[in-house]
Amino acid sequence: MFLRHRPSRLLALALLIAAAGCSSADDSASTAVPSPSAKAMELCRNLDEALPSKVDSQGRRDPEPESALTAGWGNPAIILRCGVPRPPKMIDPKVAEGHDPDAVAGGVNGVDWLMEKQDDGAYRYTTANRRAYVEVTVPKGRDSSSALIDLASAVKKAIPEGIAD
């Protein structure tokens, strides 16, 4: 009797392994979680609660590992990280004077941003003049201005103007 059940058990095991193999090919993004100060952590948690469910018409799909300091929308994902360190280019005089072709300062809907073009064609934006630094990476081919417009009100609401620690 044991032999009659063994092929069905092997078939079930094979199907289980095949299903697990298919489901492990997850398209979710991953990103490094920042390690901000306690003050910035509080502001970032407030931002997480204020973030929109859609950015650039894309639904929210948070990256791994799950954290209140990170958020994502769409695939390929627009990734937000809150509590990042100040980018070195933020204090580079060439950027302030407009002499760096890969980094530009500007503002969108009342939020100041440093824009940095990445080697892969993506753009990384970091808030300036806010009490915590918020970084938004927009993949190549996605609408950066739409993403920043969609995020501006949440940033203004949760991260007060000022200088980050």
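Peer 1: How would you explain helix α4 (residues 144–158) if you had to name every residue and give the values?
Peer 2: Counted at 1.5 Å a residue, the expected span for α4 with its 15 residues is 21 Å, and the 21 Å between its end C-alpha atoms agrees. Along α4, the sharpest change in direction is near 35° and occurs at Leu-151. Taken as a whole, α4 has its buried residues at Ser-144, Ser-146, Ala-147, Leu-148, Leu-151, Ala-152, Ala-154, Val-155 and Ala-158.

Peer 1: I'd like to hear about the nonpolar core, residue by residue, with values.
Peer 2: Core analysis: the biggest nonpolar cluster contains 27 residues, and Leu-47, Leu-51, Trp-73, Leu-80, Val-136 and Ile-159 have the highest contact counts within it. Sorting the residues of this core by element identifies α2 (38–50), β3 (70–73), β4 (78–82), β6 (111–117), β8 (134–138) and α4 as the ones contributing at least two each. With seven residues, the single largest contributor to this core is α4.

Peer 1: Before we move on, could you go through unusual backbone geometry and cite the residues and values that matter?
Peer 2: In this model, Glu-64 is joined to Pro-65 through a cis peptide bond whose omega is -10°. With respect to the helices and strands, Pro-65 occurs in the loop between β2 (58–59) and β3. Residues Asn-75 and Pro-76 are joined by a peptide bond in cis, for which omega reads 5°. Even without a glycine there, the phi angle at Asp-56 is positive, about 50°. Here Asp-56 lies in the loop between β1 (54–55) and β2. A positive phi angle is found at Ser-57, which is not glycine, with a value near 65°.

Peer 1: Residues and numbers for the state of the cysteines, please.
Peer 2: On inspection of all chains with the given rule, the structure shows one disulfide. There is a disulfide in this structure between Cys-44 and Cys-82, and the S-S distance comes to 2.1 Å. Negative torsions about the S-S bond denote left-handed disulfides, and the value of about -80° found for Cys-44 with Cys-82 makes this one left-handed. Note that Cys-44 is positioned in helix α2 and Cys-82 in strand β4, a separation of 38 residues in sequence. Looking at Cys-44, the relative accessible area reads 1%, which means it is buried. A relative accessible area of 1% places Cys-82 in the buried class.

Peer 1: Please set out the pairing of β8 residue by residue, giving values where relevant.
Peer 2: Counted residue by residue, β8 has four buried out of five residues, so it is predominantly covered. Sheet analysis places β4 next to β8, joined by four bridges and oriented antiparallel. Along β8, the bridge assignment pairs Ile-79 with Thr-137. Bridge count between strand β7 (residues 123–128) and β8: four bridges; the pairing is antiparallel. Pairing of Thr-126 across the sheet is with Glu-135, part of β8. In this antiparallel pair of consecutive strands, β7 and β8, the connection spans five residues, and Asn-129 shows a positive phi of 60°.

Rules used throughout
Residues numbered from 1 in each chain as written. Predicted model: local features only at pLDDT ≥ 70, side-chain atom pairs only at ≥ 80, totals over all residues. Heavy atoms only, no water. Helix = DSSP H or I, 4+ residues; strand = E, 2+ residues; numbered from the N terminus. Expected span 1.5 Å × (residues − 1). Bend = angle between axes of the 7 residues up to and from the residue. Buried < 20%, exposed > 50% of the residue type's maximum accessible area, 1.4 Å probe, protein only. Core = buried A, V, L, I, M, F, W, Y, C linked by side-chain atoms within 4.5 Å. Disulfide = S-S within 2.5 Å. Pairing = 2+ DSSP bridges.

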